[in-house]
Structures are given as C-alpha cells and as structure tokens.
Amino acid sequence: MNLANLLHGGDYNPEQWLDCPEVLQEDIELMKKGNINCVTLGVFSWSVLEPEEGCFCFDWLRDIIDELYGNGIFTVLATPTASMPHWMTAKYPEIMQVHADGKKNLPGKRHNFCYTSKKMREKARIIDSKLAEAFGKHPAVLLWHISNELGGNFGDGSCHCEECNLEFRLWLQEKYRTLDRLNQAWWTTFWSHRYTDWEQIHSPMPNGEILTHGLNLDWHRFVTHQMTGFCKWEIDSVREYSSFPVTTNFMYFFKPLNYYELHRCVDIVSWDSYPFWHKRKDEVPVAVKTAAAHSMMRSMKKAPFLLMESTPSCINWRAFNPVKRPHMHMLSSMQAVAHGSNSVQYFQWRKGRGAFEKFHGAVLDHKNKENTRTFLEVTQVGERLAKMSEKIAATCNRPKVAVIFDWENWWAVEDATGPIIDIDYVKTFLMHFRSFWEAGIDVDVINMEDDLKEYRIVAAPVNYLYKEKYAQKVEDFVRNGGSYITTYWSGVVNESDLCFTEKHPLQEVLGIRQEEIDAPGEEFRNEINYKGKAYPVGRLCEVVHAKTAEILTVYEKEYYKGSPAITRNYFGKGNAYYLAAEFGQEFLNLFYKERMLEKELVNPLASELPYGVTVSVREGEENLVFLQNFNDAEAVIHDVEAWVDADTGEQIEGEIKLSPFECRILVEK
Ligand code: GLA
Ligand code: ZN
C-alpha cells in the first residue's frame, strides 16, 4: 500500500493506553475488522516522546508502528508540536503567545505558542529531526503530518509579543523599504498617524491602533507568513533525515490563516471536516458548505487531497452534538471522496477515558467493541473504499466553473467600515457556490492569483479588493471567450486597501460605471422583475450606469428606480455580468442556470436534480459520477440514459433511485 491507494483510518493515541497492553492488542484486532489501513500517530505526544528536556523515549512508538505494519496498517506520522509539555512552558515562558488584549497565555490547552519564538523553533527542530532520524525511512510511514491545525483552536493563533512585533517591523521594512511608502500605502496622514520611526509601528490591538485598514491587512498577511514560516521550519527539520511527502491538516474557512499561501509549502493538502449534520431537517446548507470546503482543498493543488479527520458519530464541542443518523456516515465520507479526497480518516480511533474530548465520537467508544452501529458503518466505508480504491484514486474533478474565494479579500471586505457593518463574505460566496451545487456542476474554489484559462465561467462575488494583475487576467479571460460574473462592492480597493480613483479596474470589461452604493433600511428594500417574476433585493444596492453594457433588469423602487440592477457586456469573445445588488438564493439559482446553459454546462445526468441531490465527477480513464442524496428520504431522478452502478455492476436506465442519505457511484455504460 502507498499514497496511490485510498486511505481509511484516523488519529490513534496509543500513548494514552501504554499501561494497558490488552487494549493495544485489541486495537489492532479491531482495526483489521474495521478495514482500517492507516493511522495517524504522534499528534499530541510530545510529553511522552520527550518526557524531560533532552531525554527521548521513542521505543513505544517504534513498537506500535512495527506492530501495526506487521498487521498491514500504515502510519501517517505527526510532529508533536501542537501542544507543549509543561516542562517546556515552565522553563521557557517566552514561548507563550500574547493575545491581542496584551495578556500572555498561561500553560495549558494547545496551539498556544508564539510562531515566531526562536526558543519554540529550536525545541521543535530538535524533536522533529530526532523523529525523522528514527522513523524517516521506515517502510510503514507514508507521510509527515506537520503539527496539527496550525493557528487553531482556542483563539486565532496570532501573537502580539515583542518578538513578533520586532519581526513584523522587519517584514514591513522588507516590503516597503521606506516609511514614506508605508505611510502612503496605509494613508496615515488621516488622523495624523504618520510614522516617523519603524519602532512606532505596533501590531493591531483593541486598546491601540485597529482602525488603520492597511495596517490590519498587512498584519493578517504577516500572521500567515509567520505560521507558514513555522510550518516550513518543521518541514526543513524532518527533511534533514527524511524525504517522505508532507502535509499539515487545515481547518475549515479559517480566517486567520490564508491556506492558499500555506498549501504551497506542503506536498499534499489535507483537512479536518466537522459539518453540523442534523442541525436542521434540511441538510442542504450544511452539505453545500462542506462541498465548498472540500472543493477548495482540491482546487489549491488541482489534485486529490486527504480528509485527515472527521467524526464517525458525533463531536463534543457544539452547543448540541447530534449523532450521525444511519447512512450519514457513508454519505458524508463519500461526499469527501466525490470532491477529490483520497482518504476517509477519523478523529479518533478510540475514545480516551478523561479530559476534554472524552465524549467526542470515535470508532470505538468506552463500553463497546465492534458491536455498535458506528463500528459497522465505519467497516462499510472501509470496505467500499478498499474495493473502489484502484478506480477512484487516480481520478480527479476537473471543473469548468470557478468561484473565487480569496483570503485577502475576506480580510479587507469584512474590516472595511461601511456600507454595512456585517458583510459576511463566506456566506455570500456560499450562495453563489450553491447555485452550481444545486445544478450538479462541479466548481473549483480558487483565489485571485490562480489561472482562469481552464474555466468557462468564473464568478467573483463581493470582490472588493483587487490584487495587482487580477484585472488584466480577467480581461484576458473574457476576451478569450470566458463568462465572468461579479457583483456590487467589487473593484473598490487595491492591495493596500486604498480606493481606486477614476474608475473600476474592469470598467471596459463590465461596460458600466459605478456611482454609489445604498444600504437601505428594511422599509426601503428594493425589488427587480425578471422574466415576468418579482424577486426581492437584499441589503446592498449599487447605483450603476450602463456604458456599453446591456441592461438585463432594473430596480423597481426608490430614487434609483429604472437604473440597472443586472447588466451584461460583450467583450472580445466573452461576456461579463454585473449583479449590482444582493439577491436571494432563488434568483441566483435562476441566473446561474442561464449562465450554465449559455456555456453548455449540464450535469452528467443531463437532468433536473431533485432538491437535496447533487452530482460530482472525478475524471479519469473512466469518469466516476458520484450521485449524492442529502435528503432523509428517497429521491428519484427521471429520464436518465444507461449507466452502470460502479459498486454493484447493476445496469440502470430510465430512472435512478437513491435511498435516504445514499451516495451511488455511476460509470457510463
Ligand atoms: C480537531 C483536532 C483534533 C480534535 C478534533 C475534535 O480537528 O485536530 O485533535 O480535537 O478537532 O473535533
Ligand atoms: Zn510572539
């Protein structure tokens, strides 16, 4: 087995059970029964690996890796830096993070160190290189798992200590060279905030400067730079002795850390997915969010990723924690695979007896063994992955549509004061993504630096900040035949958060002139009439003028009644749409359906999908069509051509039935 196979397994913490050899023996027996082929070891093992400074105990780990390997189970080996032993924090308090309120962390919890700290880096290098020396060529080890969820998860991971501030100033000097340039970029003459010495610059803190948007934006970039630097530091440490590929597990849409930057230093993207299934009866919003996150992970490298953690049953950290209903475990696991995951891994294998996560779902619980519904469903997932491994692992989704999600835009648009206080970039992005999900069309989730050439449609909702060269790239994309959709509150500022003057950077491509943006109170809300039907308009309405663009619909109310609400401009061989106002999901679905038709994009079943059902395609020698039903009820798709069920070989024609929470994999007949 190697990374060209689908992995099935998860976090395994045998160090919590070293005094119970019978438990460890039982683990291996049950792993085999559960079709587990891989575990992640060592994530939080620092205090067992190095119980005292400079004293290393790796024998237990070697025994376990060997024993697992002897039983056909491979290892993803983690560096243990995500939480620190008490001897370390006691001896080197300078390692502890300082929060934005100026308080220094006390020892405890995890992810609580300063990413800049030289001492932390020194200690990480020692333990990492020792581990690499010991296991960096071991035939059982597939992959290095660097630290764990960098920046997470009690706080935002940023540190405001003196060491970080010194480093921040150096980073700024490197970027701007002169204070004049920095003052210009941050517009510091406003409120008399000109800096005359680099020493005067401080990280944004609530009782200090947090209203200079340029500073905030650069601070966000710096935090990503530091965390990425820490990750690279660890990668270099294991590289001293080992050439195994590396990954680090990402979280969801985690604002403090720009994953489009971080992913560049790892070989494989992996992430931890904990959707809030069964929050409501309608699972679609959660399914959409999860699909978007999976798609983003795949889109970073345009390659399969790894689902590093998920729960086989429930989690324990939300206000209420529903257990996965029957079949949801198979469906959510296959959803990850459908979007490009080459693994289904769990947190965790066995529930610990004490501390914070003792009630977090695991494959094995406290009282039972293989005699549980969870265990059975895990076994079934493992069986299905093993059978389909060869077919699936070499394939990948190759969408023709991209929706832009960009961290820098996220930071800037939500930091801006005006036109509304609570712009929610993720939510808006998800609404645009959802229209494609409902239509059964795969989407790449890319950032502004990505290439656009391979797409037919690119959507960029609330694209407030424009990175250098972005406008030129979009212009080329449209000129060459692409269809570009953007919205109100786009093209407002440059990379320093300075407003563009004179015109929108894409004025010629969009064929419009922006005038002002209205954030009407509820009693002043607008509406449009599109193809004979009225649709409500949300909280933002831009007043724009069509120059070369044609007007597809206009506002129905207020002083801007009759002015364009949606425009289309033909430019070169393509076209560009401008949605001047915020619209609801119903209208967006209709609007995007038209765009897909225009670009001849239909889902592989070429049929209307029932609510809650979607399709993803992993392309390869044989395309695999993952049909997913997120309804807890049967769904039927009519008028379908001939297909073969890839799991069972059954031939299907005319109609396809999906049982509640079912995912079927189809291949063309
Ligand atoms: C994260 C962490 C794990 C565990 C799970 C619990 O993903 O990486 O160590 O805490 O959350 O949901
Ligand atoms: Zn620090």
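Values in this document were obtained by computation on a predicted structure and should not be read as measured data. (Residues numbered from 1 in each chain as written. Chains lettered and ligands numbered in written order. Predicted model: local features only at pLDDT ≥ 70, side-chain atom pairs only at ≥ 80, totals over all residues. Heavy atoms only, no water.)

### Brief notes about the overall build of the chain
Right, on to step 1. Counting its regular elements, the chain contains 17 helices and 25 strands.
Right, on to step 2. For a compact globule of 669 residues, the expected C-alpha radius of gyration is about 26 Å, and the chain comes in at 26 Å, within 12% of that figure.
Right, on to step 3. The principal-axis extents of the C-alpha atoms in the chain amount to approximately 75 × 75 × 40 Å.
Right, on to step 4. Considering the chain as a whole, with its 669 residues, one finds that 60% of them fall into the buried category.
Right, on to step 5. Excluding contacts between residues fewer than 6 apart, the proportion of contacts in the chain whose partners are at least 24 apart in sequence is 72%.
Right, on to step 6. Accessible surface, the chain as shown: approximately 27,000 Å² in total, 50% of it carbon and sulfur.
Right, on to step 7. Averaging the coordinates of the 73 positive side-chain charges in the chain and doing the same for the 95 negative ones gives two points 0 Å apart. (Helix = DSSP H or I, 4+ residues; strand = E, 2+ residues; numbered from the N terminus. Rg over C-alpha atoms; globule rule 2.2 N^0.38 Å. Buried < 20%, exposed > 50% of the residue type's maximum accessible area, 1.4 Å probe, protein only. Contact = heavy atoms within 4.5 Å. Areas by Shrake-Rupley, 256 points an atom, 1.4 Å probe, with all protein chains shown as cover. Lys, Arg positive; Asp, Glu negative; His and termini not counted. Charge placed at Lys NZ, Arg CZ, Asp CG, Glu CD.)

### Considerations on the coordination of the zinc ion (ligand 2)
Right, on to step 1. Protein coordination at the zinc ion (ligand 2) comes from Cys114 (SG), Cys159 (SG), Cys161 (SG) and Cys164 (SG), with a distance range of 2.3 Å.
Right, on to step 2. One can describe the donor arrangement at the zinc ion (ligand 2) as tetrahedral, given that its four donor atoms subtend angles of 98 to 114° at the metal.
Right, on to step 3. When the donors of the zinc ion (ligand 2) are listed by position in the chain, the intervening gaps give C-x44-C-x1-C-x2-C. Of the two residues, Cys114 is situated in the loop between helix H4 (86–91) and helix H5 (118–135) and Cys159 in the loop between strand S4 (141–145) and helix H6 (162–176); the sequence distance between them amounts to 45 residues. (Donors = N, O, S within 2.8 Å, 3.2 Å for Na, K, Ca; no water. Tetrahedral: all angles 85-135°; square planar, octahedral: opposite > 155°, others 65-115°.)

### Examining the environment of Trp277
Right, on to step 1. The topology assignment puts Trp277 in the loop between strand S7 (270–272) and helix H10 (284–301).
Right, on to step 2. In the structure, Trp277 is positioned 44 residues away from Asn321 in sequence and 9.0 Å away in space, judged by C-alpha atoms.
Right, on to step 3. Not counting chain neighbours up to four residues away, the residues in contact with Trp277 comprise Glu283, Val286, Ala287, Thr290, Pro322, Lys324, Met328, Ser332, Gln335 and Phe630.

### Quick look at the state of the cysteines
Right, on to step 1. Enumeration according to the criterion identifies zero disulfides in this entry.
Right, on to step 2. Cys541 forms no disulfide, and the closest cysteine sulfur to it belongs to Cys499, at a distance of 20 Å.
Right, on to step 3. The buried category is assigned to Cys541, whose relative accessible area is 0%. (Disulfide = S-S within 2.5 Å.)

### Let's talk about the site of ligand 1
Right, on to step 1. Taken together, the residues surrounding ligand 1 are Phe44, Arg110, Asn148, Glu149, Asp272, Tyr274, Glu309, Trp317, Phe347, Glu357 and His360.
Right, on to step 2. The separation between an oxygen atom of ligand 1 and a polar side-chain atom of Arg110 is 2.9 Å.
Right, on to step 3. Taken by itself ligand 1 offers 310 Å² of open surface, and the protein chains cover 98% of this.
Right, on to step 4. A class-by-class count of the residues in the shell around ligand 1 yields four nonpolar, two polar and five charged. (Near = heavy atom within 4 Å. Polar contact = N/O pair within 3.5 Å; in protein donor to acceptor, adjacent residues only side chain to side chain. Nonpolar A, V, L, I, M, F, W, Y, C, P; charged D, E, K, R; others polar.)

### Here's the deal with the side chain of Asp128
Right, on to step 1. Here Asp128 lies in helix H5.
Right, on to step 2. Here Asp128 is buried and forms no salt bridge, its nearest opposite-charge partner Arg125 lying at an N-O distance of 7.1 Å.
Right, on to step 3. Sequence-distant contacts of Asp128, defined by excluding residues within four places in its chain, comprise Thr79, Pro80, Thr81, Glu234, Ser237 and Val238. (Salt bridge = Lys/Arg side-chain N within 4 Å of Asp/Glu carboxyl O.)

### Thoughts on empty space enclosed by the protein
Any space left empty among the atoms is revealed by the rolling of a water-sized probe across them.
Right, on to step 1. Applying the stated rule across the entire model yields nine cavities of 30 Å³ or more.
Right, on to step 2. Size it by volume and the largest cavity reaches roughly 100 Å³.
Right, on to step 3. In this structure, the largest cavity is lined by 13 residues; those nearest its centre are Pro275, Trp277, Ile315, Arg318 and Pro322.
Right, on to step 4. For the lining of the largest cavity, the per-class residue count stands at eight nonpolar, three polar and two charged.
Right, on to step 5. Considering only enclosed or pocket space, the second largest cavity measures out at about 80 Å³ in volume.
Right, on to step 6. For the second largest cavity, the full set of lining residues is Ser273, Pro275, Trp277, His294, Leu307, Ser310, Thr311, Lys324, Ser332, Ser333 and Ala336.
Right, on to step 7. Considering every element that reaches the lining of the second largest cavity, the biggest residue donor is helix H11 (residues 328–338), with three residues. (1 Å grid on protein atoms, 1.4 Å probe; cavity = no way out; pocket = protein on both sides within 12 Å on 5 of 7 lines; lining within 4 Å. Points joined across faces, edges and corners; volume = space filled by probe spheres on them.)

### Overview of a nonpolar patch on the surface
Right, on to step 1. On the surface, a cluster of nonpolar side chains totalling about 590 Å² of accessible area is made up of Trp187, Phe190, Trp191, Ile210 and Leu211.
Right, on to step 2. Positionally, Leu211 belongs in the loop between helix H7 (179–186) and helix H8 (213–239).
Right, on to step 3. Take Leu211: its relative accessible area is 53%, and that puts it in the exposed class. (Patch = residues over 30% accessible without salt bridge, like charges linked within 9 Å, V, L, I, M, F, W, Y side chains within 5 Å.)

### A look at the sheet that holds strand S24 (residues 651–658)
Right, on to step 1. Here we have five strands laid out as an open sheet, ordered S21-S22-S25-S23-S24, and antiparallel in their pairing. Looking at which strands have only one partner, the edges of the open sheet turn out to be strand S21 (613–618) and S24. Here the average twist between neighbouring strands, direction ignored, is 35°.
Right, on to step 2. Looking at chain direction, S21 and strand S22 (residues 624–629) are connected through six bridges and run antiparallel. (Pairing = 2+ DSSP bridges. Axes fitted to C-alpha atoms, helices over the stretch in contact; angles between N-to-C directions.)

### Side note on the domain arrangement of the chain
Right, on to step 1. Domain assignment breaks the chain into domain 1 (7–176 + 227–393), domain 2 (401–598) and domain 3 (613–668).
Right, on to step 2. For domain 1 versus domain 3, the separation of C-alpha centres amounts to 32 Å.
Right, on to step 3. Listed by partner, the interface residues are 23 residues for domain 1 and 16 residues for domain 3.
Right, on to step 4. In total, about 1,600 Å² of surface goes out of reach between domain 1 and domain 3, with carbon and sulfur atoms giving 64% of it. (Domains from an automatic or database assignment. Buried area = accessible area lost by both parts, 1.4 Å probe.)

### Topic: the environment of Thr486
Right, on to step 1. For Thr486, the position within the fold is in strand S13 (residues 483–487).
Right, on to step 2. C-alpha separation for the pair Thr486 and Ala635, spaced 149 residues apart in sequence, amounts to 34 Å.
Right, on to step 3. Ignoring any residue separated from it by four or fewer positions in sequence, one finds Thr486 in contact with Ala460, Asn463, Leu510, Tyr577, Tyr578 and Leu579.

### A few points about the packing of aromatic side chains
When we look at a pair of aromatic rings, we describe it by the centre distance and by the angle of the planes.
Right, on to step 1. Within the structure shown, the criterion is met by 42 aromatic pairs.
Right, on to step 2. Aromatic pair Phe253 and Phe405: ring centres 5.1 Å apart, planes at 65°, arrangement edge-to-face. Of this pair, Phe253 sits in the loop between strand S6 (249–250) and helix H9 (259–262) while Phe405 sits in the loop between strand S10 (401–404) and helix H13 (407–415); the two residues are 152 residues apart in sequence, bridging distant segments of the chain. The residues Phe253 and Phe405 share a single accessibility class, namely buried. (Phe/Tyr/Trp six-rings, centres within 6.5 Å; stacked < 30°, edge-to-face > 60°.)

### Considering H11
Right, on to step 1. Buried residues dominate H11, accounting for eleven of its eleven residues.
Right, on to step 2. One or two residues past the end of H11 sits Gly340, with phi positive at roughly 120°.

### Remarks on the layout of surface pockets
Right, on to step 1. Approximately 1,000 Å³ is the volume found for the largest pocket.
Right, on to step 2. Forming the walls of the largest pocket are 40 residues, and the residues nearest its centre are Tyr252, Tyr274, Pro275, Lys289 and Arg318.
Right, on to step 3. Secondary-structure elements contributing two or more residues to the lining of the largest pocket are S7, H10 and helix H14 (425–439).
Right, on to step 4. Among the elements that line the lining of the largest pocket, the one with the most residues is H10, at six residues.
Right, on to step 5. Each of domain 1 (7–176 + 227–393) and domain 2 (401–598) accounts for three or more of the residues forming the lining of the largest pocket.
Right, on to step 6. Lining the second largest pocket are 27 residues, with Gln16, Phe44, Gly354, Ala355 and Glu357 positioned closest to its centre.
Right, on to step 7. The dominant element in the lining of the second largest pocket, judged by the number of residues it contributes, is helix H2 (residues 46–49), at three residues.

### With respect to the pattern of salt bridges
Right, on to step 1. Per the counting criterion, the structure on display carries 39 salt bridges.
Right, on to step 2. With its nearest N and O atoms 3.6 Å apart, the salt bridge here joins Lys302 to Asp450. Placement of the pair is Lys302 in the loop between H10 and strand S8 (306–309) and Asp450 in the loop between strand S11 (443–446) and strand S12 (457–460), with a sequence separation of 148 residues.
Right, on to step 3. Residue classification places Lys302 among the partly exposed residues on the basis of a relative accessible area of 24%.
Right, on to step 4. Glu586 is the salt-bridge partner of Lys533, the closest N and O atoms lying 2.6 Å from each other.

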